[in-house]
Amino acid sequence: MYARWVLTALLAWPVVAAAVVLLVPAPRAKYAALVATLVEFALSVPLWWVFVPTGGMQFIADYAWIAPWGIHYTVGLDGISLFLVLLTTFLMPLSVLGSWRYITKREPAFYALLLVLTTGMIGVFVALDLFLFYVMWEVMLIPMYFIIGVWGGENRLYAAIKFFIYTFFGSLLMLVAILILYFHVGQATGTYSFAYSHILANLHNLDSSLGWWLFGAFFLAFAIKVPMFPFHTWLPDAHVEAPTAGSVILAGILLKMGTYGFLRFALPFFPTVALSQTVQMVIVTLSLIGILYGGLVAMVQPDFKKLIAYSSVAHLGFVMLGIWALTLQSVQGALLVMINHGISTGALFFLVGMIYERRHSRLIDAYGGIARVVPLFAAILTIVSLSSIGLPGTNGFVGEFLVLLGAFRTYPVATALATTGVIIAAAYLLWALQRVLFNPLDKHENEKLTDLTPRELAVLIPLLVCIVWIGVYPKPFLTRMEPAARQFIEQVHPK
């Protein structure tokens, strides 16, 4: 019974809870939101045990929605989307707790938008109907626009509009491509349907030139969301101006929608185009530029939050390299990097938000020597930074090692160059740690900083547990994702 209703419950509950949050008195809104997100997480946790590590979709629910147009409410999970759903439900209660003191105005609206955003994000990962997928893709966009635009920093309107225009432009092109696929497959088979399985099974006779245009539309929508170089320019502005919870969700979940789109749609739908020599060269080159450029630009950032934002460009470059290498190790590594980036970078944004609440500055030069004053904060920031670098024994190492190991078989030269990105990551994060934590304590404002509170520890400790767990014992994750990774490779490259 659980398998039949769980995904629908995960999509419906946040919307119902959002309506309740809007109705309760403003001081109680965050309490209601915290309970709602904890219930959402509790509903999703059994997926870990009920999920059977085999290829194909599970927990499928299929109901006619707009039957004359072939639109169904169809949802399901496999080993790729399982972890992204669990990551989403895991990060949302932490985001509510992390906003406890940060958000002081229009609290009911803020927490209601977070809950609606949860529905949109989970919907993207479980939709097996292209119309439903597009609806959820857009549902996710609107709450994030308001979260940045209303509760963000000084340049919040500029950042929110830039985020919206970039993402919406790519979305419109994807909508056109979805409609063309719908009519093309409908004319070929006599059955007009937006069902993912129907379209995937009947794309064999797609005209070569049309395939290139359609792949280009999907590529642009997903590359903007990743974001790949040179479509990344919206990301630093959105991260810097967003409130802490917005930055965590952007980095932890929203960026993964782009890489998920490549895994679920762009490559399986258009394998001939995706594996053409030209596309491979473009993707690998842009991934390498993202890894190296993202790291080098992060190194010179005076703003700690912007430094973390540019590090995301580098991490997602590893994901794209792993996906296109199409080996079991590289694809599993790419999936792990997606999960690990959400955990480690989410923790970094939480930590920057916590110190910002005390000093109201994100500039690295505003600190120095604060490890003497806030030792607990310093210890956790160090551990999380080392996990982001990829220190063995932390989650970051496992994913990047698998990507490099698997990609070396397909792109040895590009992989050798990508390895230098790990060194660059160590350079910019260790240098930032030195300037923030271990330089002389020469600013009087920092002498009275308070260390982490129990609430802040409640946000960070679950993330630390995941960092160590995946770093020391990644087998449960790899076992659950392996069949889906194999199936993906066989779909795209049967030989």
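Our subject is the structure listed above.
**Student:** What should I look at first to understand the overall build of the protein chain in this one?
**Tutor:** Check the secondary structure of the protein chain and you find 20 helices and 2 strands. Counting all 495 residues of the protein chain, 62% fall into the buried class. When contacts within the protein chain are restricted to residue pairs at least 6 apart in sequence, long-range pairs at least 24 apart make up 81% of them. When the accessible surface of the protein chain is totalled, it reaches about 18,300 Å², and 70% of it is carbon and sulfur.

**Student:** Please clarify how a nonpolar patch on the surface should be interpreted in this entry.
**Tutor:** On the surface, Ile461, Val465, Val468, Trp469, Val472 and Tyr473 cluster together into a nonpolar patch covering about 570 Å² of accessible area. Considering the arrangement of structural elements, one finds tryptophan 469 in helix H19 (residues 454-472). Given the relative accessible area of 35%, tryptophan 469 is considered partly exposed.

**Student:** What is the right way to look at helix H14 (residues 304-325) in this model?
**Tutor:** Since there are 3.6 residues in each turn of an α-helix, residues three or four apart along the chain are aligned in direction. With 22 residues, H14 should reach 32 Å at 1.5 Å per residue; the first-to-last C-alpha distance of 32 Å fits that figure. Of all 22 residues in H14, 21 are buried, a share of seventy percent or more. With a side-chain oxygen positioned 2.8 Å from the backbone nitrogen of lysine 305, the residue opening H14 is aspartate 303. Leucine 326 sits one or two positions beyond H14 and adopts a positive phi of about 55 degrees.

**Student:** Is there a simple way to think about the layout of surface pockets in this case?
**Tutor:** Empty space left among the atoms is revealed by rolling a probe the size of a water molecule over them. Within this model, the largest pocket holds a volume of roughly 600 Å³. Contributing to the lining of the largest pocket are 24 residues, with Tyr102, Tyr356, Glu357, His360 and Arg362 lying nearest its centre. Considering each element in turn, the lining of the largest pocket owes the most residues, 3 residues, to helix H15 (residues 328-359).

**Student:** I tried to follow the side chain of serine 99 on my own but got confused; where do I start?
**Tutor:** Looking at the element boundaries, serine 99 is found in the loop between helix H4 (81-98) and helix H5 (107-126). In this structure serine 99 touches Phe110, Tyr111 and Ala245, once residues within four positions along its chain are discounted.

**Student:** Just checking my understanding: could you explain the nonpolar core for this structure?
**Tutor:** Nonpolar side chains in soluble globular proteins tend to be buried together. Membership of the largest hydrophobic core comes to 197 residues, with the highest contact counts inside it found for Leu47, Phe218, Phe222, Phe262, Phe269 and Trp324. Considering every element that reaches this core, the biggest residue donor is H15, with 17 residues.

**Student:** What is the right way to look at the side chain of histidine 198 in this model?
**Tutor:** By the secondary structure assignment, histidine 198 is in helix H8 (residues 196-201). Take histidine 198: its relative accessible area is 17%, and that puts it in the buried class. If we ignore the near neighbours within four places in the chain, the residues touching histidine 198 are Val185, Thr189, Thr191 and Ser193.

**Student:** Hey, could you run me through the packing of aromatic side chains in this one?
**Tutor:** Any pair of aromatic rings gets described here by the distance separating the centres and the angle formed by the planes. Counted under the stated rule, the structure contains 42 aromatic pairs. Each ring, one from tryptophan 48 and one from phenylalanine 83, has its centre 5.9 Å from the other, and the planes form 75 degrees; the classification is edge-to-face. Linking tryptophan 48 in helix H3 (residues 47-50) with phenylalanine 83 in helix H4, this pair joins segments that are 35 residues apart in sequence. Considered together, tryptophan 48 and phenylalanine 83 belong to a single accessibility category, that of buried residues. Ring plane angle 20 degrees and centroid distance 5.5 Å describe the contact between phenylalanine 397 and phenylalanine 401, whose orientation is recorded as stacked. One end of the pair, phenylalanine 397, and the other, phenylalanine 401, are both in helix H17 (residues 395-410), 4 residues apart, so they sit about a helical turn from each other. Taking relative accessible area as the criterion, phenylalanine 397 reaches 31% and is therefore assigned partly exposed.

**Student:** I tried to follow helix H1 (residues 2-23) on my own but got confused; where do I start?
**Tutor:** End to end, H1 covers 30 Å across 22 residues, agreeing with the expected 32 Å (1.5 Å per residue, within 8%). Helix geometry: H1 is bent most strongly at alanine 9, by close to 35 degrees. All of the buried residues along H1 are Tyr2, Val6, Leu7, Ala9, Leu10, Leu11, Pro14, Ala17, Ala18 and Val21.

**Student:** Which parts of the structure should I look at to understand the pairing of strand E2 (residues 71-77)?
**Tutor:** Consecutive residues of a regular strand have side chains that alternate between opposite faces of the sheet. Of all 7 residues making up E2, 6 are buried, and the element is well covered by its neighbours. Bridge count for strand E1 (residues 58-66) against E2 is 6 bridges, and the pairing is antiparallel. Paired with tyrosine 63 across the strands is tyrosine 73, a residue of E2. Hairpin geometry of E1 and E2 is characterised by an intervening segment of 4 residues between the two adjacent antiparallel strands and by a positive phi of about 70 degrees at glycine 70.

**Student:** What am I meant to see in the pattern of salt bridges here?
**Tutor:** Side chains that carry opposite charge are capable of pairing whenever their charged atoms lie near each other. Applying the stated criterion across every chain, the model contains 7 salt bridges. For glutamate 456, the salt bridge goes to arginine 358, with nearest N and O atoms at 2.8 Å. Of the two residues, glutamate 456 is situated in helix H19 and arginine 358 in helix H15; the sequence distance between them amounts to 98 residues. The residue lysine 443 makes a salt bridge to aspartate 442 at a minimum N-O spacing of 3.5 Å. Each of Arg358, Arg455 and Glu456 takes part in one network of salt bridges that share partners.

**Student:** I tried to follow empty space enclosed by the protein on my own but got confused; where do I start?
**Tutor:** Summed over all chains, the structure comprises 6 cavities of 30 Å³ or more. Here the largest cavity defines a volume of roughly 80 Å³. Of all the secondary structure elements, the ones that give two or more residues to the lining of the largest cavity are H15, helix H16 (375-389) and H17. Of the residues forming the lining of the largest cavity, the biggest block, 5 residues, is contributed by H15. Taken together, Phe304, Val352, Ile355, Ser361, Arg362, Tyr367, Ile370, Phe377, Leu381 and Val436 make up the lining of the second largest cavity.

What counts and what doesn't
Residues numbered from 1 in each chain as written. Predicted model: local features only at pLDDT ≥ 70, side-chain atom pairs only at ≥ 80, totals over all residues. Heavy atoms only, no water. Helix = DSSP H or I, 4+ residues; strand = E, 2+ residues; numbered from the N terminus. Buried < 20%, exposed > 50% of the residue type's maximum accessible area, 1.4 Å probe, protein only. Contact = heavy atoms within 4.5 Å. Areas by Shrake-Rupley, 256 points an atom, 1.4 Å probe, with all protein chains shown as cover. Patch = residues over 30% accessible without salt bridge, like charges linked within 9 Å, V, L, I, M, F, W, Y side chains within 5 Å. Salt bridge = Lys/Arg side-chain N within 4 Å of Asp/Glu carboxyl O. Expected span 1.5 Å × (residues − 1). Polar contact = N/O pair within 3.5 Å; in protein donor to acceptor, adjacent residues only side chain to side chain. 1 Å grid on protein atoms, 1.4 Å probe; cavity = no way out; pocket = protein on both sides within 12 Å on 5 of 7 lines; lining within 4 Å. Points joined across faces, edges and corners; volume = space filled by probe spheres on them. Core = buried A, V, L, I, M, F, W, Y, C linked by side-chain atoms within 4.5 Å. Phe/Tyr/Trp six-rings, centres within 6.5 Å; stacked < 30°, edge-to-face > 60°. Bend = angle between axes of the 7 residues up to and from the residue. Pairing = 2+ DSSP bridges.

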